[in-house]
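Working through the structure, step by step
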Amino acid sequence: GGSFVNNGNLSSGNTFLIDQNATTVNNNLFTVGDTILVNTNATLQNTSYVNAPEIWSAGTIINSHDLVGNNLLNTGTVTHSGNGELDLQMSLYNTGTITLNALTTVCGDICNAENMTVNYFTSAQSLYNGDTIMGTASFTNNAFVSLSNSLFNSEDMNGNGDFCIVDSTLNSGTITGT
């Protein structure tokens, strides 16, 4: 455990690991050349700008500004809010809990196999909501989700938001809401 606070410009050429029970707070520019790993019971709190090609989290990410990367793999908890953007060039894969309260752009696909809530504009190519290991996936849309390709749902979708889907939808689950 322990804590680390970045108030300057921090650059790591390789992987940056936030170990169990540790907290890293970023208040300025934080660039990682490879992967940010947030371990179980660890926390990354970003109030400024974080850029890493790969972001893997089994712990907690609290983002209130810009979080930029290629892929986000989450098995823990991610909360994105504030004035910044979650900007992923490839994909977002979730088997934990994600809450999106601010602008989110995923240039590739979103795969939700657990709990995801969208409360602000989100765009991606395709969205898959389902669980392949007999769990329950829940996707709540309380905003606007724009998909340039397809929507696939095999579990539960709800909320009072809207979808704009360019290509196709396939639903074998439940969709409720207004």
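Heads up: these notes are all about the structure in this document. The numbers attached to residues start from 1 for each chain and follow its sequence in the written order. Reporting of local features is limited, given that this is a predicted model, to residues whose pLDDT is at least 70; pairs of side-chain atoms are given and counted only at 80 or more, and all residues count toward the totals for whole chains, interfaces and linings. Side-chain measures were taken over the full set of non-hydrogen atoms in the model, leaving aside hydrogen atoms and water.

Considering the side chain of T43
What counts is decided by this rule: By definition, any uninterrupted DSSP run of H or I lasting at least four residues is a helix, any uninterrupted run of E lasting at least two residues is a strand, and each is numbered from the N terminus. It only takes one pair of heavy atoms within 4.5 Å for two residues to be counted as in contact.
Mapped onto the secondary structure, T43 falls in strand β7 (residues 43-46). Excluding its chain neighbours within four sequence positions, the residues that come into contact with T43 are I18, A22, T23, T24, V38, T60 and I62.

Concerning the sheet that holds β7
Note the following rule: A pair of strands is treated as paired once DSSP finds two or more bridges between them.
Pairing is parallel across the open sheet formed by ten strands, whose spatial order is β1-β4-β7-β10-β12-β14-β17-β20-β23-β26. Two strands in the sheet have a free side with no partner beyond their single neighbour: β1 (2-6) and β26 (174-175). Two elements, β1 and strand β4 (residues 22-26), share five bridges in a ladder whose sense is parallel. Bridged to N6 within β4 is N26.

A word on the nonpolar core
Condition: Here the nonpolar core consists of buried residues drawn from Ala, Val, Leu, Ile, Met, Phe, Trp, Tyr and Cys, with membership extended through side-chain atoms lying within 4.5 Å. Only protein chains enter the area calculation, which uses a 1.4 Å probe; residues under 20% of their type maximum are buried, those over 50% are exposed, and those in between are partly exposed.
One finds I36, I61 and L92 to be the most contacted residues of the largest nonpolar core, which totals 33 residues. At the level of elements, β3 (16-18), β5 (29-32), β6 (35-38), β11 (66-74), β13 (86-94), β14 (97-100), β17 (115-118) and β21 (144-147) are the ones that each hand at least two residues to this core. Per-element tally for this core: the top contributor is β13, with three residues. Beyond its immediate chain neighbours, meaning those up to four positions away, L92 contacts L72, L86, I98, V106, D109, I110, C111 and M116.

Comments concerning a nonpolar patch on the surface
Formally: Patch criteria: residues need more than 30% relative accessible area and no salt bridge. Like-charged residues are merged within 9 Å; nonpolar side chains of Val, Leu, Ile, Met, Phe, Trp and Tyr are merged within 5 Å. Surface exposure here means Shrake-Rupley accessible area, sampled with a 1.4 Å probe, where a residue is shielded only by the protein chains that are shown. Salt bridges, as used here, are contacts in which a Lys or Arg side-chain nitrogen is within 4 Å of a carboxyl oxygen on Asp or Glu.
A cluster of nonpolar side chains, contributed by W56, L73 and Y93, occupies part of the molecular surface with about 270 Å² of accessible area. Tracing the sequence through the fold places L73 in strand β11. For L73, a relative accessible area of 32% gives the class partly exposed.

Description of the packing of aromatic side chains
Our working definition: Between 30 and 60 degrees the pair is tilted, below 30 it is stacked and above 60 it is edge-to-face, where a pair is any two Phe, Tyr or Trp rings, Trp via its six-membered ring, whose centres lie within 6.5 Å.
Applying the stated criterion to the full structure yields four aromatic pairs. With 6.4 Å between their ring centres and 50° between their planes, F4 and F16 make a pair best called tilted. Taken together, the residues span a long stretch of sequence, with F4 in strand β1 and F16 in strand β3 at a distance of twelve residues. On the basis of relative accessible area, F16 is assigned to the buried category, the value being 17%. Ring centres 5.7 Å apart and planes at 10° place the aromatic pair F121 and F144 in the stacked group. You can see F121 sitting in the loop between β17 and β18 (122-124) and its partner F144 sitting in strand β21, a full 23 residues away along the chain.

Observations regarding unusual backbone geometry
One non-glycine residue, N21, adopts positive backbone phi at about 65°. Positionally, N21 belongs in the loop between β3 and β4. Even without being a glycine, N41 presents a positive backbone phi close to 65°. With respect to the helices and strands, N41 occurs in the loop between β6 and β7.

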